[in-house]
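Given next are the chains, with one letter for each unit.
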Amino acid sequence: MNENLELIELFKRLRVTDVRDGMDWMGYHHYGSVDHRIRPLFRPEESIIGIARTARYVPYEGPVPALPPEKYREWVNMYYNEICNDPWNKDITPGDFICLDVAGIDVGLLGSNNTLHCKKAGAVGFMTNGGGIRDTDECILQKIHVWSYFISQPMDQARIRFIEKDIPVAIGGVAVYPGDVIVADGDGVIAVPRKAARDVAKYAWQEACADKKTRRQLYIDLGMKLDSSVE
């Protein structure tokens, strides 16, 4: 097992809140928790855990040429080849969590088609600091896990430009570095610095196990059927 998959395994079944507690134990009280307004497209059945793969985009400065529809396709092809491409898409490895700094732009950089390509390559989730996701009905059917500020209708062209990949990005008030551990669920997203990940996981499990033990007994006292959250 490579190191990335080993780190993912350490955090498997931990909740975002458990990881938040583990970060506190390590002194990261004011770091890691992404802006609470970055929300999941739909609530996952369990935490999504992956390794940050990053890229950065900025607004496209134009101008947009005035073209008749029959010429527009040619310009769009140029745009996707030279301006708004996605070379990070070619580098995905199993367990990657795609973290895209899109400068808050209302643009559907992610959709039902390209996210499936990412999923096929092994991506487990996506996070953006803008819109970045469209075709949401299909994405939900396809179980594409996305956390973003909002949903976007617009396509990429004339709105966004790719700048660089595999660099630190700022998303929701947190610096996310390539290789950081990303944990996301219905409570939001937390980024764990890779250098502290093993210790954070240790104390997150300490807190998670204590919580499960207490809640399990309360389930029994209340005559509630035990479920996976207390086992």
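See the structure shown above.
Going along each chain's sequence as written, the residues are numbered from 1 onward. Under the rules for a predicted model, residues below a pLDDT of 70 receive no local features and side-chain atom pairs below 80 are neither given nor counted, while totals for whole chains, interfaces and linings still include all residues. Each side-chain value is worked out from all heavy atoms of the structure, with water and hydrogens disregarded.

Below, the discussion takes up the packing of helix H1 (residues 3–11) against helix H6 (residues 197–222). Angles here are taken between N-to-C directions and fall from 0 to 180 degrees, while the axes themselves are lines fitted to C-alpha atoms, restricted in helices to the stretch in contact. Under the scheme used here, helices are H or I runs from DSSP no shorter than 4 residues and strands are E runs no shorter than 2 residues, and both carry numbers assigned from the N terminus. Taken N-terminus to C-terminus, the directions of H1 and H6 make an angle of 20°; their axes are 9 Å apart at the nearest point. It follows from the interaxial angle that H1 and H6 lie roughly parallel. Crossing of H1 against H6: the hand is left-handed. Contact with H1, carried on its side by Glu3, Glu6, Leu7, Leu10 and Phe11, involves Ala197, Arg198, Val200, Ala201 and Trp205 of H6 and no other residues of that element. All residues other than Ala, Val, Leu, Ile, Met, Phe, Trp, Tyr, Cys, Pro, Asp, Glu, Lys and Arg, Gly among them, are scored as polar; the first ten of these are nonpolar and the last four charged. Of the residues belonging to the contact of H1 with H6, the class tally is 7 nonpolar, no polar and 3 charged. Convention used here: angles under 35 degrees read as roughly parallel, angles over 145 as roughly antiparallel, angles from 65 to 115 as roughly perpendicular, and any remaining angle as oblique. In this scheme the handedness of a crossing depends on how the near helix is turned from the far one: anticlockwise by less than a right angle means left-handed, clockwise means right-handed. Only heavy atoms enter the contact rule, under which two residues are in contact if any of them lie within 4.5 Å.

With that settled, the discussion passes to the packing of aromatic side chains. The aromatic pairing rule takes the rings of Phe, Tyr and Trp, using the six-membered ring of Trp, and pairs them if the centres are within 6.5 Å, calling planes under 30 degrees apart stacked, those over 60 edge-to-face and the rest tilted. Counting across every chain of the model gives 8 aromatic pairs. When the ring of Tyr57 is compared with that of Phe162, the centres are 5.4 Å apart and the planes differ by 70°; the resulting orientation is edge-to-face. Taken as a pair, Tyr57 in strand S2 (residues 48–59) and Phe162 in strand S6 (residues 160–165) lie far apart in primary sequence, 105 residues in all. Like Tyr57, the residue Phe162 is buried in the burial classification. Ring centres 5.2 Å apart and planes at 85° place the aromatic pair Tyr60 and Tyr79 in the edge-to-face group. You can see Tyr60 sitting in the loop between S2 and helix H3 (69–82) and its partner Tyr79 sitting in helix H3, a full 19 residues away along the chain. We classify Tyr79 as buried; its relative accessible area is 0%. Among the aromatic residues, those joined into a cluster by ring pairs are Tyr60, Tyr72, Trp75, Tyr79 and Tyr80. Each residue gets one of three labels from its accessible area relative to the maximum for its type: buried under 20%, exposed over 50%, partly exposed in between, using a 1.4 Å probe on protein chains only.

Relative to the helices and strands, Asp156 is located in the loop between strand S5 (146–148) and S6. When near neighbours in sequence (up to four residues on either side) are disregarded, Asp156 contacts Tyr79, Tyr80, Cys84, Val107, Gly108 and Leu109.

With that settled, consider the environment of Val124. With respect to the helices and strands, Val124 occurs in the loop between helix H4 (114–121) and strand S4 (125–128). For Val124, a relative accessible area of 27% translates into the label partly exposed. Put simply, Val124 and Ile49 are 75 residues apart on the chain and 7.4 Å apart in space, counted from C-alpha to C-alpha.

It is worth spelling out the side chain of Asp185 at this point. Turning to its location among the elements, Asp185 is positioned in strand S9 (residues 181–185). For the purpose of charge, His is not counted, nor are the chain termini; Lys and Arg are scored as positive and Asp and Glu as negative. Throughout this description, the term salt bridge denotes a Lys or Arg side-chain nitrogen within 4 Å of a carboxyl oxygen of Asp or Glu. Buried Asp185, no salt bridge; nearest opposite-charge side chain is Arg43, N-O distance 6.3 Å. A distance of 3.0 Å separates the side chain of Asp185 from the backbone nitrogen of Val16, its partner in a polar contact. Discounting residues that sit within four places of it in the chain, Asp185 has contacts with Arg15, Val16, Pro40, Pro44, Ser47 and Trp147. Residues adjacent in sequence count toward polar contacts only when both atoms are side-chain atoms; beyond that, a polar contact is any pair of N or O atoms within 3.5 Å, and within protein one must be able to donate a hydrogen and the other to accept it.

For a regular strand, the rule is simple: side chains alternate between the two faces of the sheet. Residues Gly125 and Met127 point to one face of S4 and Phe126 and Thr128 to the other, with burial holding for every one of them. Two strands are counted as paired when DSSP detects at least two bridges linking them. Judged from the 4 bridges that link them, strand S3 (residues 96–101) and S4 form a sheet pairing that is parallel. Within the sheet, the bridge partner assigned to Cys99 lies in S4 and is Met127. Tracing the backbone out of S3, into H4 and back to the parallel element S4 gives a crossover that is right-handed. Bridge analysis of S4 against S5 gives 2 bridges, and the strand direction is parallel. The residue bridging Met127 from the neighbouring strand is Trp147, located in S5. Note on the crossover from S4 through helix H5 (residues 136–141) to S5: the handedness is right-handed. Crossover handedness is defined here as right-handed if the route from the first strand over the helix to the second strand goes clockwise, with the strands pointing away from the viewer.

Examined against the element boundaries, Ile167 turns out to sit in the loop between S6 and strand S7 (169–171). C-alpha separation for the pair Ile167 and Ala55, spaced 112 residues apart in sequence, amounts to 6.7 Å. Ignoring anything within four residues of it in the chain, the contact list for Ile167 reads Thr54, Arg56, Val176 and Pro178.

Distances and angles like these do not, on their own, reveal function.
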